Amino acid sequence: MRKTVKRAAVTLMLCAAMCLPAATDPSPGWGVTRCLVVGCDRFVTMPPTGHASENNTRTMAALLEDFLPGEKQITLHADGPGSTEDFEDLIRATFAGAREEDTALLYVSTHGVSREGVPSGMALLLSNGEQEEGLTPDRLREMMDKVPGQKILIADACRSGALIGRGKEKGKDFFDDERYRALVSAGSEEDSWFWSAEEDEYTGTGYFTEALDSALRASDPWQIDPDGDGTVSLKELTARLREIHGASTVYCRPEEDDEPLFILPEERNAGGKLRGLWFDPTVRDGDSLTMTFHFRTEEQVRLTYQLVPSRNGRWDFEHAVKTPDRERTDLIRGLVSPGEKERTIRLSAESLGEDGKALMQIISQQGKERTPVAEAGRVIEMLPEMQEKKEEE
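Residues numbered from 1 in each chain as written. Predicted model: local features only at pLDDT ≥ 70, side-chain atom pairs only at ≥ 80, totals over all residues. Heavy atoms only, no water.

Colleague: Account for the pattern of salt bridges, naming residues and giving values.
Modeller: By the definition in use, this model includes 34 salt bridges. Here Arg311 ties to Asp316 by a salt bridge, and the two come within 2.6 Å at their closest N and O atoms. Given the relative accessible area of 30%, Arg311 is considered partly exposed. Residues Arg343 and Glu327 are paired through a salt bridge, measuring 3.0 Å at the closest nitrogen-oxygen approach. One end of the pair, Arg343, is in strand β25 (residues 339-348); the other, Glu327, is in the loop between β21 (321-324) and β22 (328-329), and 16 residues separate them in sequence. By sharing partners, the salt bridges in this structure join Asp66, Glu210, Asp213, Arg217 and Lys273 into a single network. (Salt bridge = Lys/Arg side-chain N within 4 Å of Asp/Glu carboxyl O. Buried < 20%, exposed > 50% of the residue type's maximum accessible area, 1.4 Å probe, protein only. Helix = DSSP H or I, 4+ residues; strand = E, 2+ residues; numbered from the N terminus.)

Below, the structure is given as structure tokens:
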């Protein structure tokens with residue numbers, strides 16, 4: 001797996017726009033949910049992101065197909081557009097015919113970049129490799145205001161918290177309106193991350209979008225639907241994402257939104273993912289920290305634990321340390337057999353890096369191709385009393 005690279009994502013993409021056939025769920029009263037899923041991987045002024053955003057859009061389209069209630073129409077566009085004008089044309093075409101009782105869902109995966117002289121201080125980079133233009137939150141709000149009904153925004157991008165004023169004191173919420181709900185992958189001054197593999201340019205994905213997939217497909221009902229009503233609200237989804245996604249800080253608006261966002265069908269097609277993953281609180285054990293976590297496997301899976309130290313406020317993926325799971329199957333270390341599992345990881349203060357914290361990631365390898373999947377990430381921080389001792393020394 002290649003070094004992890006920073007990326008901003010707002011999910012809209014695919015080398016050619018395509019429309020998936022509408023599917024109908026017998027749930028009454030939901031109206032029609034029209035979805036625009038966009039991604040950008042090729043840029044003029046920024047490094048390319050391989051096929052991570054394209055894979056993000058495919059993952060997101062499958063989630064919308066499986067977990068959205070009622071009638072849905074999903075439009076996928078995985079390579080651009082490269083201008084705000086073309087982006088607005090996409091919005092106009094996708095949401096044509098929308099009524100007040102309907103819902104418009106927009107997912108974007110791209111670079112989120114700092115921009116001086118604009119109210120938000122950031123823009124989502126629209127690009128198709130030949131054209132490129134920044135889309136500011138206020139301009140996006142203007143476009144979406146023209147669409148009738150309720151609106152849902154999901155962004156996998158660096159600094160995407162600037163859309164809703166999260167991650168920075170006194171940041172402006174550009175979607176402060178009861179018609180809007182939003183979920184973003186990072187704070188307004190925070191990086192969002194993806195991975196890609198040198199040996200296979202078509203693999204890779206964003207950590208946030210992968211966590212979203214795991215949250216809905218592989219969580220036990222009590223973890224993703226604690227009130228047991230068969231639906232997943234924005235509040236419930238955000239809480240679960242914060243439990244299993246540590247690479248960046250997930251934010252939503254409204255914070256306490258209990259309205260149904262997704263349904264939770266009995267069959268959720270989790271594939272080879274770890275089921276029911278959960279973490280115990282980190283505790284001190286002498287001069288070390290220990291973290292215990294639990295999960296369930298339905299089939300054999302290779303597991304690796306990656307510890308990424310923090311330096312100067314950023315994850316230092318260049319110096320990450322990987323360790324295979326302790327279990328051996330057929331004499332292969334890291335090949336985990338089916339069943340209920342409990343693991344405890346012990347960490348020294350030195351392993352947490354200069355900032356006194358690290359990101360612990362659980363990575364599986366799935367299928368015949370052994371494609372890496374980031375199952376979960378958890379931030380481990382030095383306890384205050386350990387920090388004091390370190391400073392004294």
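Now that the structure has been shown, the text picks up again.
Colleague: Quick rundown of a negative patch on the surface? Include the residues and the values.
Modeller: On the surface, Asp227, Asp229, Asp258 and Glu259 cluster together to form a negatively charged patch. Position of Asp258 among the secondary structure elements: in the loop between β14 (251-253) and β15 (260-263). For Asp258, a relative accessible area of 54% corresponds to the exposed category. (Patch = residues over 30% accessible without salt bridge, like charges linked within 9 Å, V, L, I, M, F, W, Y side chains within 5 Å. Areas by Shrake-Rupley, 256 points an atom, 1.4 Å probe, with all protein chains shown as cover. Lys, Arg positive; Asp, Glu negative; His and termini not counted. Charge placed at Lys NZ, Arg CZ, Asp CG, Glu CD.)

Colleague: Please set out the environment of Ser364 residue by residue, giving values where relevant.
Modeller: Tracing the backbone through its elements, the reader meets Ser364 in strand β26 (residues 357-366). Note on Ser364: relative accessible area 0%, which makes it buried. In sequence terms Ser364 and Tyr305 are 59 residues apart; their C-alpha atoms lie 8.8 Å from each other. One polar contact links Ser364 to Glu375, side chain to side chain, over a distance of 2.7 Å. (Polar contact = N/O pair within 3.5 Å; in protein donor to acceptor, adjacent residues only side chain to side chain.)

Colleague: Explain helix α3 (residues 137-145) residue by residue, including any values.
Modeller: Buried within α3 are the following residues: Pro137, Leu140, Arg141, Met143 and Met144. Taken down its axis, α3 places every buried residue within 160 degrees of arc, on the same side. Turning to α3, the residues buried within the fold contact α2 (84-94), β5 (103-109), β7 (122-127), β8 (132-135), β9 (150-156) and β10 (180-184). (Arc of directions from axis to C-beta. Contact = heavy atoms within 4.5 Å.)

Colleague: Lay out the packing of aromatic side chains in plain terms, naming residues and giving numbers.
Modeller: A full pass over the atoms with the stated rule returns 6 aromatic pairs. Ring geometry for Trp193 against Phe317: centres 4.9 Å apart, planes inclined by 50 degrees, an arrangement best described as tilted. Of the two residues, Trp193 sits in strand β11 (residues 193-197) while Phe317 sits in the loop between β20 (314-315) and β21, which places them 124 residues apart along the sequence. Here Trp193 matches Phe317 in class, with each residue buried. Plain terms: the ring middles of Phe279 and Phe293 are 5.8 Å apart, the flat faces sit at 45 degrees to each other, and that makes the pair tilted. Taken together, the positions of Phe279 in strand β16 (residues 275-279) and Phe293 in strand β18 (residues 288-297) put the pair 14 residues apart, joining distant regions of the chain. Following the ring pairs from residue to residue traces out a cluster consisting of Phe279, Phe293, Phe295 and Tyr305. (Phe/Tyr/Trp six-rings, centres within 6.5 Å; stacked < 30°, edge-to-face > 60°.)

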